[in-house]
Amino acid sequence: MSWSREGCSWMAVSLAGWALAAGCADPGAGDPGTGTSIVPATARASIATAAGSAIAPASKLRRAASAGARRFHANAAGTQLSAVGERHRLEIRGGVARVQRLTAPAERRQWLLARARAAADGVAARAIDRPAPPALEIQTLSIARAGYQCLDGATASVVDEGGGAYRRFATCGERWSNGAQHGEVAFDFARRPAGAGDLVVTLRARIGAPAVERAMVVSADDAGLRLATPGGERFRFGHATWIDAAGRRSPVPARFRAGVIELSVPAAVVDGSRYPAVLDPIVGPDLGTDTPVLQPSSSGIEPEVASDGVNSLVVFSDFQRIRAVRADANGDVLEFDWLDLGEDGFLQFRPMVAFGGGRYLVVWWQDDGAAISIRGRLIDPDGTIVGAASFPISSAEGVDAAVAWNGQSFVVGWGGFGPAPGVRIALVGPDGTVVAGSERQVSPTNLAFEQRIAAGLTTALVVWEEQIPGNFSSLFLGATRIAQDGTVLDPAGIRVDQSDTFQSQPAVGSDGQQFLVAWQRGGEAATIQGAIIDQGGLITAAPFPISRSPGGVSRPAVAFGAGEFLVAWQAQTDADSILAGTAVSPGGAVQGAADSRLASVQVRGGADPTGLTWNGSRFVLTFDGIRPQPDGFSIFGIDGSMVASDLSIAADALAFSQLPNHQFSPHAAWDGLSYLVTWSDERDPGFGQDTARAVRISGAGVVRDPAGIAVSAPQRAFSHHLASNGDRRSLVVWQTTTGRGAVRSIAGNGTQSPIRALAPGSLASNPLLASNGSTFLSAFARSNAAGTGTDLVGTFVAANGNPGGLFTIRRAATPNSLVAAGDDYLVQFSDGGDQLLIVGSSGRVSAPVPSPSGSQTLVAASGSRNTLVGWVTSTGQVQARFFARAAFRGPTLSISPTSDGFAPTVAFDGARYWIVWAADRETERPMIRSVEVGGALGETSLVVDQGCESPELASDGAQQLILTCFEFTNRFRVARITTRLIDTSDATATVAAAPVVLAGGD
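The structure presented is a predicted model; accordingly, all values stated were derived computationally and were not measured.

Draft legend 1. Inspection of the overall build of the protein chain at higher detail. Scanning the protein chain from terminus to terminus reveals 3 helices and 82 strands. Here the protein chain, with 1002 residues, has 61% of them falling under the buried criterion. When contacts within the protein chain are restricted to residue pairs at least 6 apart in sequence, those whose partners lie at least 24 apart make up 52%.

Draft legend 2. Highlighting the environment of alanine 812. Turning to its location among the elements, alanine 812 is positioned in the loop between strand E65 (803–810) and strand E66 (814–821). In sequence terms alanine 812 and serine 783 are 29 residues apart; their C-alpha atoms lie 9.1 Å from each other.

Draft legend 3. Region of interest: the confidence of the model for the protein chain. For the protein chain, per-residue confidence averages 83 on the pLDDT scale, and 83% of positions sit at 70 or higher. Considering only residues more than four positions removed or in separate chains, one finds that residues 988–1002, a stretch of pLDDT under 50, has 88 contacts.

Draft legend 4. Expanded view of the nonpolar core. Among the nonpolar cores identified, the biggest contains 38 residues, and Phe72, Trp176, Leu227 and Phe237 are the most heavily contacted of them. Ranked by size, the runner-up nonpolar core spans 27 residues in total, among them Ala354, Trp365, Val399 and Val412.

Draft legend 5. Structural detail: the packing of aromatic side chains. Going through the model one piece at a time under the given rule, you end up with 13 aromatic pairs. Judged by centre distance (5.6 Å) and plane angle (85°), the rings of phenylalanine 966 and phenylalanine 968 are edge-to-face. Of the two residues, phenylalanine 966 and phenylalanine 968, neither departs from the other in class, the shared state being buried. In textbook terms, an aromatic cluster arises when at least three aromatic residues are bridged by ring pairs, as seen for Phe796, Phe807 and Tyr825. Across the ring face of phenylalanine 476, the terminal group of arginine 495 is positioned such that the distance to the ring centre comes to 4.0 Å.

Draft legend 6. How the structure looks around the pairing of strand E75 (residues 913–918). Across the 6 residues that make up E75, a large majority, 6, are buried. The alternating pattern of E75 places Tyr913, Ile915 and Trp917 on one face and Trp914, Val916 and Ala918 on the opposite face, and all of these are buried. The pairing of strand E74 (residues 905–908) with E75 spans 4 bridges and is antiparallel. Bridging from a neighbouring strand, threonine 905 pairs with valine 916 of E75. For E75 and strand E76 (residues 926–931), the ladder comprises 6 bridges, and the chain directions are antiparallel. The residue of E76 that forms the bridge with tyrosine 913 is valine 931.

Draft legend 7. Expanded view of unusual backbone geometry. The residue after alanine 713, namely proline 714, is reached through a cis peptide bond having omega 10°. The residue proline 714 is located in the loop between strand E57 (709–710) and strand E58 (718–724) in this model. In this structure, aspartate 400 is a non-glycine residue whose phi angle is positive, near 55°. As for its position among the elements, aspartate 400 is in strand E32 (residues 398–405).

Draft legend 8. A look at the pairing of strand E79 (residues 960–969). Taken across its 10 residues, E79 has 10 buried, putting it largely inside the fold. Residues Gln960, Ile962, Thr964, Phe966 and Phe968 point to one face of E79 and Leu961, Leu963, Cys965, Glu967 and Thr969 to the other, with burial holding for every one of them. As judged from the 5 bridges shared by strand E78 (residues 949–955) and E79, these two strands associate in the antiparallel manner. When the bridges of E79 are listed, glutamate 952 appears paired with threonine 964. From the end of E78 to the start of E79, which pair antiparallel, there are 4 residues, and glycine 957 there has a positive phi angle of about 75°. Relative to strand E80 (residues 974–983), E79 runs antiparallel, the two sharing 10 bridges.

Draft legend 9. Main features of the pattern of salt bridges. Counted by the stated rule, this structure contains 31 salt bridges. In this structure, the salt-bridge partner of arginine 167 is glutamate 174, at a minimum N-O distance of 3.4 Å. Of the two residues, arginine 167 and glutamate 174, neither departs from the other in class, the shared state being buried. Salt bridges linked by common partners bring Arg98, Glu137, Arg204 and Arg206 together as one network.

Draft legend 10. Seen up close, the sheet that holds strand E59 (residues 729–735). Strand order in this open sheet of 4 strands is E58-E59-E60-E61, and the pairing throughout is antiparallel. Because the sheet does not close on itself, it has two edges, and the strands there are E58 and strand E61 (756–757). In this structure, E58 lies alongside E59, joined through 5 bridges in antiparallel fashion. In the sheet register, serine 724 faces E59, and the bridge partner there is serine 730.

Draft legend 11. Broad picture of the sheet that holds strand E70 (residues 859–863). If you trace the 4 strands from one edge of the open sheet to the other, you get E70-E71-E72-E73, paired in antiparallel fashion. Looking at which strands have only one partner, the edges of the open sheet turn out to be E70 and strand E73 (887–896). Within this sheet the neighbouring strands show an average axis-to-axis angle of 20°, counted without direction. Taken together, the 6 bridges between strand E71 (residues 866–872) and strand E72 (residues 878–884) define a ladder with antiparallel strand orientation.

Draft legend 12. Broad picture of the side chain of arginine 145. The residue arginine 145 is located in strand E8 (residues 136–146) in this model. A polar contact of 3.1 Å, which involves the side chain of arginine 145, links it to the side chain of aspartate 271. Setting aside anything within four residues of it in sequence, one finds arginine 145 in contact with Pro193, Ala194, Gly195, Ala196, Gly197, Asp198, Leu199, Ala267, Val270 and Asp271.

Draft legend 13. Representation of the side chain of serine 504 within the structure. If you trace the backbone, serine 504 turns up in strand E40 (residues 503–510). Judged by relative accessible area, serine 504 falls into the buried class, the value being 5%. Serine 504 has contacts with Glu465, Leu475, Leu477, Trp519 and Gln520, leaving out every residue within four places of it along the chain.

Draft legend 14. Broad picture of the environment of glycine 773. On the secondary structure map, glycine 773 appears in the loop between strand E62 (765–771) and strand E63 (776–783). Since its relative accessible area comes to 38%, glycine 773 is described here as partly exposed.

Draft legend 15. Looking closely at the environment of alanine 83. Relative to the assigned elements, alanine 83 resides in strand E5 (residues 81–84). According to the relative accessible area criterion, alanine 83 is buried, its value standing at 1%.

Procedures and definitions
Along each chain, numbering runs from 1 in the same order as the chain's sequence is written. A pLDDT threshold of at least 70 governs which residues receive local features in this predicted model, and a stricter bar of 80 or more applies before side-chain atom pairs are shown or counted, although totals over entire chains, interfaces and linings include all residues. To get the side-chain values, all heavy atoms of the structure are used, and hydrogens and water are removed first. Helix numbers and strand numbers start at the N terminus; a helix is a DSSP run of H or I with at least 4 residues, a strand a run of E with at least 2. Per-residue accessibility, obtained with a 1.4 Å probe over protein chains only, is compared with the maximum for each type, and a residue is labelled buried under 20%, exposed over 50%, and partly exposed between these values. What makes two residues a contact is simply this: any of their non-hydrogen atoms within 4.5 Å. Values of pLDDT, ranging from 0 to 100, describe the predictor's confidence in every residue of the model. For this analysis, a nonpolar core means a set of buried residues of the types Ala, Val, Leu, Ile, Met, Phe, Trp, Tyr and Cys, connected via side-chain atoms within 4.5 Å. Here a Phe, Tyr or Trp ring, Trp counted by its six-membered ring, pairs with any other such ring whose centre lies within 6.5 Å, and the pair is stacked when the planes are under 30 degrees apart, edge-to-face when over 60, and tilted otherwise. Remark: a charge is flagged as sitting over a ring if the NZ atom of Lys or the CZ atom of Arg is within 6 Å of the ring centre and within 35 degrees of the ring normal. Only strands that DSSP links by at least two bridges are regarded as paired with each other. In the sections that follow, a salt bridge refers to a side-chain nitrogen of Lys or Arg positioned within 4 Å of a carboxyl oxygen of Asp or Glu. In this description, a line fitted to the C-alpha atoms serves as the axis of each element, helices being fitted only across the stretch in contact, and the angle between N-to-C directions of two axes falls anywhere from 0 to 180 degrees. Contacts described as polar in this section are N or O atom pairs within 3.5 Å, which, within protein, must combine one atom able to donate a hydrogen with one able to accept it, while residues neighboring in sequence count only if both atoms come from side chains.

Structure follows, in structure tokens:
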């Protein structure tokens, strides 16, 4: 949910999916219409349709998908606010929220084709009206307790600064927000609700018309309520949780009574909650780490490409949003961040691109929830996106855009429906203006679609698939020439292939004087066929076979360069799918004795097109590729190659949908001069390719190593750990791919010692590391001499990275955590139970003592003669206790009743201790709390309103901290390190208020 910066408390209810579409593809493929959704953990109330059109808060895995929340937009009259997610539409009108799933692109296209076919047969269009799944309506009827009612004095909903829909009442407010996969409603309270007794939220839930509502079946389980209609539409409303400003949580079950949903918050919870909290420390901006590098990623579908004569623009669809990247003459990507042509509230599909008049024009078809239309956007050769938004091209509904430059204007074509059917075109000037009166139907019938366009010197050729009325199982290829002013030169159309074979997937290219049309001819042995049409509309080379591939062939593309046409297509071999092709002369002669393979990367195949253009010196190919990885998985992304005029591959394995490298599992330390931040880095795809990298960051927030420090290179590193003695020396230890332990020293100036083995000649599993300020201790598991198991052993490592002799800490045990406690070390280990050992700086090992709360992982920070040790209990509580003189002392401190279940982090700033932990598994937002040297606890505050996985703190000892963690971005496909400096010198200033939340579970 969105966190308020005002001094108020929040009560939020969210809606999410519970039954998701079966047979879904890998979400990394980039199409959420067929992707797998991940049901959130039990921390939000949820509702969704069975087809997966969800209104839901982001879970840990969904957070990236909802990071770019879809804003609400008001209609012209201001009476309705609406927002569109990837598979749902959310409308707010008069206090009623209405959610409806969106049909998949293929379903919408099939419905449009059915309308066109019906119209051709004289059937009224209303007989096959657009399918509209039943909508779920949610209306808040009451938020009340005895003597108190929140809903009095309601105002109209407006779009707030965060893009949500906000409605104010006399003593509270209601806010709806929308994300790519979800929506959420929240109720804010500036102060504790007046009155007495339980606070009851009552909501009306209705699916479809009143008659359907009466037939709605509601059942309950541990996850919440299930609402279903006889027609099979299904929704879930999950149980709720009340969370106050101090982070305390109380379960609030959802109940269905007398036709309404009730969430009842007990009076004791309402009256005992904290309203509001304060933010104590001052938190700086994200400093990041080193410069990321791009690598192939599983992202994007539907690639196409055009060239300005040197560079190229590759366009594709990613999660129903149009993206683009530029590539130079060698095929190297010029954009670190994708060019984003997407607009919140709209679903975009199948882009096409052409260059002319000094600019690229990208066209696509999109769905705004009410209409399907053709849109466009201009991009300058330097990558500048022209204008603030896309512009409309079609006057009515249309799909499957195509585009070419005719020397004066862009010719844009599409398949029209409704009152403007058939293949249609419009002319668009180089400034993006649609030429007045240029839109017209160019196909002789309404049953034409899947058009492609190429332009010569004086005319353009539009080619399409066409169905015979009454025989919808057959397709043939039609075409017409278009003059530069848009005049249709062949009103009756040109029948490209007179045979009665199934003809589909047209492609067309021009050498300026004539056109080569290529297509897939169906049958038992499908082939790629071709025909030459001159500027006068004559077929000068009758249909002839182009492909000689023995397997299945599909998705041809055509481009002209270096005096010949290149025809490329996707071919199925005995081993895999490949990109094949051959040259064709302007006269229609197929060159060479056999087809050529045009790229080494495999093709995923299916419905995605093959993109092809000539950049002035080479052909540029794009396709949906598969890259198998050493770990057995594969990368599915937008791939390509550069092909020379002799059909040799000039540049191969070009990845156009690259994303930054993964960064995760960070660590931080103060070395006396700078903060040293290390992390596990995944620059090479595939399991087992991780390395340890680092940067130094000054106390002023300057990243001293913008190119990074390659700590473990040339080795691969697993489970690395960092420690510093605060005297300009730090050590990093890790486990290699062969199970050995390695160590390296990093000086304050960034120079590194040679890599040394922690235990020469033997394994060192998961080595841990800590420093007490004067010595470094590494502890790890090693196979014992008898070969009967592993022993927990240790070694003291010098500041220059030289390990000392090994000594046994505990036989038949493995280490869980290692922390410094004053001059000593605490080693947490397991040998059937969780216990704790104290290791002195001389290597003396104490007898085992019970570990606090049976915790698996301990964290600690020393200062003011004591060490504060923190942990998370098995129930997710964050606790801490002081350790001094070889024993735990004082009471156990309750830092937070809830967390994400993973270890917190602790540091001493010279005056007090600070603990940071992730609030929950749903949001992973970092919470911070101070602990005075006497044990007094400060307020709980939100550090920053974003995810923070595996938080790590370090302190300079002068009231400054650095917090490093990682978060998921790009719809959970990129993990990136974030680092922030925190000034704790003025820890009493009230900067902002944190919320109280009521949220349900899915």
